[in-house]
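Examining the three-dimensional arrangement
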Amino acid sequence: MNKNVIYGLIVLILVAGAVMFFFERNGAEDGEEATGDVSGLRVGENAVYVPEQKPGRSVLVGLVVLAEGGFVVIHEDVNASPGPIIGASGYLPAGETKNVSITLTRETTQGDMLMAMLHRDAGDQSFAAADDPGVVENGGIVMMNFSVSENAPEPGEVAL
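The sections below set out a description of the structure shown in this document. (Residues numbered from 1 in each chain as written. Predicted model: local features only at pLDDT ≥ 70, side-chain atom pairs only at ≥ 80, totals over all residues. Heavy atoms only, no water.)

Some details on the sheet that holds strand β1 (residues 47-49)
Note the following rule: Two strands make a pair as long as DSSP finds a minimum of two bridges between them. Counting from the N terminus, the helices are the DSSP runs of H or I reaching at least four residues and the strands are the DSSP runs of E reaching at least two. Axis definition: a line fitted to C-alpha atoms, limited for helices to the stretch in contact. Angles are taken between N-to-C directions and run from 0 to 180 degrees.
Strands sit in the order β1-β2-β5 across an open sheet of 3 strands; the sheet is antiparallel. In this open sheet, the two strands that pair with only one neighbour each are β1 and β5 (95-103). For this sheet the average axis-to-axis angle between neighbouring strands, irrespective of direction, equals 25°. By the bridge criterion, 8 bridges tie strand β2 (residues 58-66) to β5 in an arrangement that is antiparallel. Bridging from a neighbouring strand, leucine 60 pairs with serine 101 of β5.

Structure below.
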């Protein structure tokens with residue numbers, strides 16, 4: 001092989017390695033090792049992720065990130081807006097929490113659309129809709145829509 005081709009391949013491999021290293025480190029704090037968590041893809045300090053759920057009396061929230069302690073609250077979706085509350089987590093501390101199970105007040109059924117919304121704690125570590133407001137970030141409440149389907153993966157540990 002020509003030496004120029006060999007040098008070109010070496011440079012290409014080094015550049016590809018540097019790009020992979022950069023994206024792997026993206027989101028890690030200075031001096032902190034990257035973990036591969038999707039938290040590096042967050043837009044702000046708060047986030048919630050709920051995968052598609054099977055019908056039932058509970059929801060498994062895959063990931064919650066809170067800048068301050070609070071709750072994940074499950075709302076019915078009413079015309080693409082938060083409707084009645086059908087479940088709430090226990091108090092969650094600031095930081096990242098995975099696999100939060102929430103018991104619902106009613107059974108969900110095939111085709112239901114729900115919303116997981118983050119709420120701030122008013123200080124008593126007990127959820128009360130009137131006292132614990134939604135977490136607002138970048139001009140909107142932090143929430144995620146998700147669906148209920150019999151074809152959803154089995155609940156379990158969410159690998160993030």
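There's plenty left to go through after this.
Some points on the nonpolar core
Definition in use: Nonpolar cores are built from buried Ala, Val, Leu, Ile, Met, Phe, Trp, Tyr and Cys residues. Side-chain atoms within 4.5 Å join them into one set. The buried label applies to any residue whose accessible area, calculated with a 1.4 Å probe on protein chains only, is under 20% of its type's maximum; exposed applies above 50%, and partly exposed to all values in between. Only heavy atoms enter the contact rule, under which two residues are in contact if any of them lie within 4.5 Å.
If you look at the biggest cluster of nonpolar residues, it comprises 20 residues, and the most contacted ones within it are Val48, Val61, Val64, Val72, Ile74 and Leu118. Sorting the residues of this core by element identifies β2, β3 (70-78), β5 and β6 (113-120) as the ones contributing at least two each. In terms of residue count, β2 provides more of this core than any other element does, 4 residues in total. Dropping the residues within four chain positions of it, valine 72 is found in contact with Val48, Val61, Val64, Gly87, Ala88, Ser89, Leu92, Ile102, Ala116, Met117 and Leu118.

Considering the pattern of salt bridges
The cut-off we apply is this: What counts as a salt bridge is simple: a side-chain nitrogen of Lys or Arg found within 4 Å of a carboxyl oxygen of Asp or Glu.
Applying the stated criterion across every chain, the model contains 2 salt bridges. Here aspartate 112 and arginine 106 are joined by a salt bridge, their closest N and O atoms 3.2 Å apart. For aspartate 112, a relative accessible area of 15% puts it in the buried group. The partly exposed category is assigned to arginine 106, whose relative accessible area is 25%.

What about the packing of aromatic side chains?
Definition in use: Centre distance within 6.5 Å is the pairing criterion for rings of Phe, Tyr and Trp, where only the six-membered ring of Trp is used; planes under 30 degrees apart are then read as stacked, over 60 as edge-to-face, and the remainder as tilted.
Across all of its chains, the model carries 2 aromatic pairs by this definition. Residues phenylalanine 71 and phenylalanine 127 carry aromatic rings whose centres are separated by 5.5 Å and whose planes lie at 65° to one another, so their mutual orientation is edge-to-face. Placement of the pair is phenylalanine 71 in strand β3 and phenylalanine 127 in the loop between β6 and β7 (136-137), with a sequence separation of 56 residues. Judged by its relative accessible area of 1%, phenylalanine 71 is buried. Look at phenylalanine 127 and you get partly exposed, because its relative accessible area is 23%.

Read these as layout, nothing more, since geometry by itself doesn't imply function.
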